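Remarks on the overall topology
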Amino acid sequence: MSVIEQRIEELGFTVPEVAAPVAAYAAAQRNGNFVYTSGQLPLVEGALPYTGKVGAGVTPEEAAELARVCALNGLAAARGVLGSLDKIKQVVKVTAFVASDPSFTGQPAVANGASVFLGQVFGDAGIHVRSAVGVAALPLDAPVEVEFVFEVTE
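Owing to the predicted nature of the structure, the values given are computational and were not obtained by experimental measurement. (Residues numbered from 1 in each chain as written. Predicted model: local features only at pLDDT ≥ 70, side-chain atom pairs only at ≥ 80, totals over all residues. Heavy atoms only, no water.)

Two elements in contact, helix α1 (residues 3-10) and helix α3 (residues 107-122), have axes separated by 9 Å at closest approach and are oriented at 120°. By the criterion of interaxial angle, the relationship of α1 to α3 is oblique. In the packing of α1 onto α3, the handedness of the crossing is right-handed. The segment α1 lies against α3, with I4, R7 and I8 engaging F117, Q120, V121 and F122. Split by residue class, the contact of α1 with α3 holds five nonpolar, one polar and one charged. (Axes fitted to C-alpha atoms, helices over the stretch in contact; angles between N-to-C directions. Helix = DSSP H or I, 4+ residues; strand = E, 2+ residues; numbered from the N terminus. Parallel < 35°, antiparallel > 145°, perpendicular 65-115°, else oblique. Left-handed = near helix turned anticlockwise from the far one by under 90°. Contact = heavy atoms within 4.5 Å. Nonpolar A, V, L, I, M, F, W, Y, C, P; charged D, E, K, R; others polar.)

With that settled, consider the pattern of salt bridges. Opposite charge on two side chains makes pairing possible when the charged atoms of those side chains draw close. Per the counting criterion, the structure on display carries three salt bridges. With a closest N to O distance of 2.9 Å, R79 and E5 form a salt bridge. Linking R79 in helix α2 (residues 60-82) with E5 in helix α1, this pair joins segments that are 74 residues apart in sequence. Residue E5 is classed as buried on the basis of its relative accessible area, which comes to 17%. (Salt bridge = Lys/Arg side-chain N within 4 Å of Asp/Glu carboxyl O. Buried < 20%, exposed > 50% of the residue type's maximum accessible area, 1.4 Å probe, protein only.)

Read from one edge of the open sheet, five strands run β1-β2-β7-β5-β6, paired in mixed fashion. In this open sheet, the two edge strands, each paired with only one partner strand, are β1 (28-31) and β6 (129-135). Across this sheet, the average inter-strand angle for adjacent strands is 15°, counted without regard to direction. Two elements, β1 and strand β2 (residues 34-37), share four bridges in a ladder whose sense is antiparallel. Bridge pairing in β2 places R30 opposite V35. Contacting β1, β2, β5 (88-99) and β7 (144-152), α2 crosses the sheet at an angle of about 40° to β7. Seen against the sheet, α3 touches β5, β6 and β7 and runs at an angle of roughly 150° to β6. (Pairing = 2+ DSSP bridges.)

Here we take up α3. Given a rise of 1.5 Å per residue, 16 residues ought to cover 22 Å, and the 23 Å separating the end C-alpha atoms of α3 matches this to within 8%. The sharpest bend along α3 comes to roughly 35°, located at G113. Buried within α3 are the following residues: Q107, V110, A111, G113, A114, S115, F117, L118, V121 and F122. Contacts made by the buried residues of α3 are with α1, β3 (53-54), α2, β5, β6 and β7. The first or second residue beyond α3 is G123, which carries a positive phi of 65°. (Expected span 1.5 Å × (residues − 1). Bend = angle between axes of the 7 residues up to and from the residue.)

Moving on to the packing of aromatic side chains. Evaluation of the coordinates by the stated rule reveals three aromatic pairs. Aromatic side chains F13 and F117 sit 5.6 Å apart centroid to centroid with 90° between the ring planes, which places their arrangement in the edge-to-face category. One end of the pair, F13, is in the loop between α1 and β1; the other, F117, is in helix α3, and 104 residues separate them in sequence. Residue F117 is classed as buried on the basis of its relative accessible area of 2%. With a centroid separation of 6.4 Å and 40° between ring planes, the pair formed by F34 and Y36 is classed as tilted. A residue is classified by how much of its surface remains accessible, and F34, at 29% relative accessible area, is partly exposed. (Phe/Tyr/Trp six-rings, centres within 6.5 Å; stacked < 30°, edge-to-face > 60°.)

The space that makes up the largest pocket amounts to roughly 270 Å³. Lining the largest pocket we find 14 residues, and of these P16, L43, V44, E45 and N73 sit closest to its centre. Its residues placed into classes, the lining of the largest pocket shows eight nonpolar, three polar and three charged. (1 Å grid on protein atoms, 1.4 Å probe; cavity = no way out; pocket = protein on both sides within 12 Å on 5 of 7 lines; lining within 4 Å. Points joined across faces, edges and corners; volume = space filled by probe spheres on them.)

Take a look at the structure:
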């Protein structure tokens, strides 16, 4: 087991198998020293724990937990390309899309679910740039979708 996966287990979580894409795309792709993931839905064993809009049916706290699930799924996608999460040198960029009620403006707090988790896992290498965007709808009526860019070693 990789050092990173051990750290994740110490935090009480497990990296799942790569979630099957819901359309015609790859879960992740390596280009040089970077791995780019597709948008990761918060699927747990193939299902969404919550659906709907944040601020209308889904609480910000529930959505932040879903963002953490997206981070786990993003790490699974990266591991599928790299073979080991220990090859991740730096979390470079996180983009969180939050299906939001029109009055909801707390997208950054939702994105923190992924960002804080990555900081706990990678320490200083988990510090990244980020965008948190409110959107009208996401695939499968998911409340959150998150994509990642990782710098990796050879």
